[in-house]
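What follows is each chain in one-letter form.
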2 protein chains.
Amino acid sequence: MVNRSISKQTLLRLPLYLNYMKQLGENTPEHISATTIAEALRLNHVVVRKDLAAVSSAGKPKVGYNTEALIAELEEFLGYNDVDDAIIVGAGKLGKALLTYGGFKDCGMNIVAAFDIDEEVCEEDYSGKRILTMDKLMDLCERMRVRIGIIAVPAENAQAICNLLIESGILAIWNFAPVHLDVPEGILVHNENLAASLALLSKQLKEKFDANT
Amino acid sequence: MVNRSISKQTLLRLPLYLNYMKQLGENTPEHISATTIAEALRLNHVVVRKDLAAVSSAGKPKVGYNTEALIAELEEFLGYNDVDDAIIVGAGKLGKALLTYGGFKDCGMNIVAAFDIDEEVCEEDYSGKRILTMDKLMDLCERMRVRIGIIAVPAENAQAICNLLIESGILAIWNFAPVHLDVPEGILVHNENLAASLALLSKQLKEKFDANT
DNA sequence: TAGATTGTTAATCGATTAACAATC
DNA sequence: TAGATTGTTAATCGATTAACAATC
């Protein structure tokens, strides 16, 4: 398996392949070909083949890939096997939803706790996860060496929280606030603007209909 | 303003420009240049200039763009001015969080209601939004001509809900379940795999450190 | 006028697609 | 052996970057 120069697009497609194979359930064949996956996901078969070749070296002509082995290789490659911790700041509805979402575990992600300024919501127990007051944030991050922070606070507070996270040793930020965060060199930021995503879908739908008229 | 052939990448960057300008608050200058935006967002200035040129024609050499006018043009272009309706299926934590999230309004999106099989959570009132039983879904979609559906149900049920939505006249689906949805030709699907997104961030962080050692 | 900025045209880069060779 | 499939090499396409002309 050669790791170098996997394109961003490939990285985004790999989880799709994984999902598809995992969802086969009882219909899981012992072997699966790039063409089969491509057809199911409506992708070009050469794209899928190249993506898989970047991750696995176990493809056999005529046979394809051993499904189980390919799933394992994808999970390994995507880092789903070594668990990584993250914390959430902002225990509003979105923060709580993320805190208790069960799906992160399958991807090797563990949400340690959430933090909120509102003392009311704090110390509650959410399916085993705790919501703590802000003053405990820095200490916990340092003690547990948490490197990933999730920002689920209102836009107005996002930059201040971002600064605090960085001060606490956080190196990567998943930002749900619809603001651009100003961070020092070397800090990773991934913006997740849910409203803009939905609006984009709406725009694409409108355009499709305009094109047909 | 010429609309044709706006690239996917441009479409994803436009909301960033909009966010940036909206966040300036009291510091909002009367005019703003592509270079200024590019520096703040750490993008190449030619990229920003081209993106803006695709949306606006009001840029003046030496002066730049009128900030207010540019904001208005971006909002208009992204369709934030004409309101579009959407419904949510699945009123778990994520569904409820989306149902009551205030940020959709700014992007011209209106969540009409959520639906759930669990009668317990139904008929509750969430900041003016209602959670209804599944049997009311088809009728409401048809009556209000809702074209956008949001899937926030467990992965196992996502395909069945997807089929129901399409039967109800839904044309675009925002899918939060980590499954590939099989849809007929012409139905738009945007997959939002939150767990995979976070895991990708974790992987990128790991890789960065590996590269430095 | 000079300089900053827009906007356009050409060059480069990267990703996708096509064609083909290798192999079980 | 023949055919399906992998994997590789070349061609195409699209997006980014660079260079430059236009203009307020």
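Since this is a predicted model, take the numbers as computed values, not measurements.

Conventions adopted
Residues numbered from 1 in each chain as written. Chains lettered and ligands numbered in written order. Predicted model: local features only at pLDDT ≥ 70, side-chain atom pairs only at ≥ 80, totals over all residues. Heavy atoms only, no water. Domains from an automatic or database assignment. Near = heavy atom within 4 Å. Polar contact = N/O pair within 3.5 Å; in protein donor to acceptor, adjacent residues only side chain to side chain. Helix = DSSP H or I, 4+ residues; strand = E, 2+ residues; numbered from the N terminus. Nonpolar A, V, L, I, M, F, W, Y, C, P; charged D, E, K, R; others polar.

## Digging into the domain arrangement of chain A
A common way to express how large an interface is: the accessible area buried when the components associate. With domains assigned, chain A is organised as domain 1 (8-77) and domain 2 (84-196). For domain 1 of chain A versus domain 2 of chain A, the distance between C-alpha centres works out to 33 Å.

## Regarding the protein's contact with DNA strand C
What surrounds DNA strand C is a group of 19 residues, the closest being R13(A), P61(A), A34(B), K62(B) and Y65(B). The sugar-phosphate backbone supplies 60% of the atoms of DNA strand C found within 4 Å of the protein. One of the side-chain N or O atoms of K50(A) is found 3.1 Å from a base oxygen in DNA strand C. Those elements that provide at least two residues to the surface near DNA strand C are α1 (8-22) and α3 (45-55) of chain A together with α3 (45-55) of chain B. Tallying contributions element by element places α3(A) first for the surface near DNA strand C, with three residues. Among the residues making up the surface near DNA strand C, the classes are represented as six nonpolar, six polar and seven charged.

## Re the protein's contact with DNA strand D
In the vicinity of DNA strand D, 19 residues are found, and the nearest of them are A34(A), K62(A), Y65(A), K50(B) and P61(B). Taking the atoms of DNA strand D that fall within 4 Å of the protein, sugar and phosphate contribute 58% of them. Within the side chain of Y65(A), a nitrogen or oxygen atom sits 2.7 Å from a phosphate oxygen of DNA strand D. Measuring from a base oxygen of DNA strand D, one finds a side-chain N or O atom of K50(B) at 3.0 Å. If you list the elements that add at least two residues to the surface near DNA strand D, you get α3 of chain A together with α1 (8-22) and α3 of chain B. Per-element accounting of the surface near DNA strand D gives the leading share, three residues, to α3(B). A per-class count over the surface near DNA strand D returns six nonpolar, six polar and seven charged.

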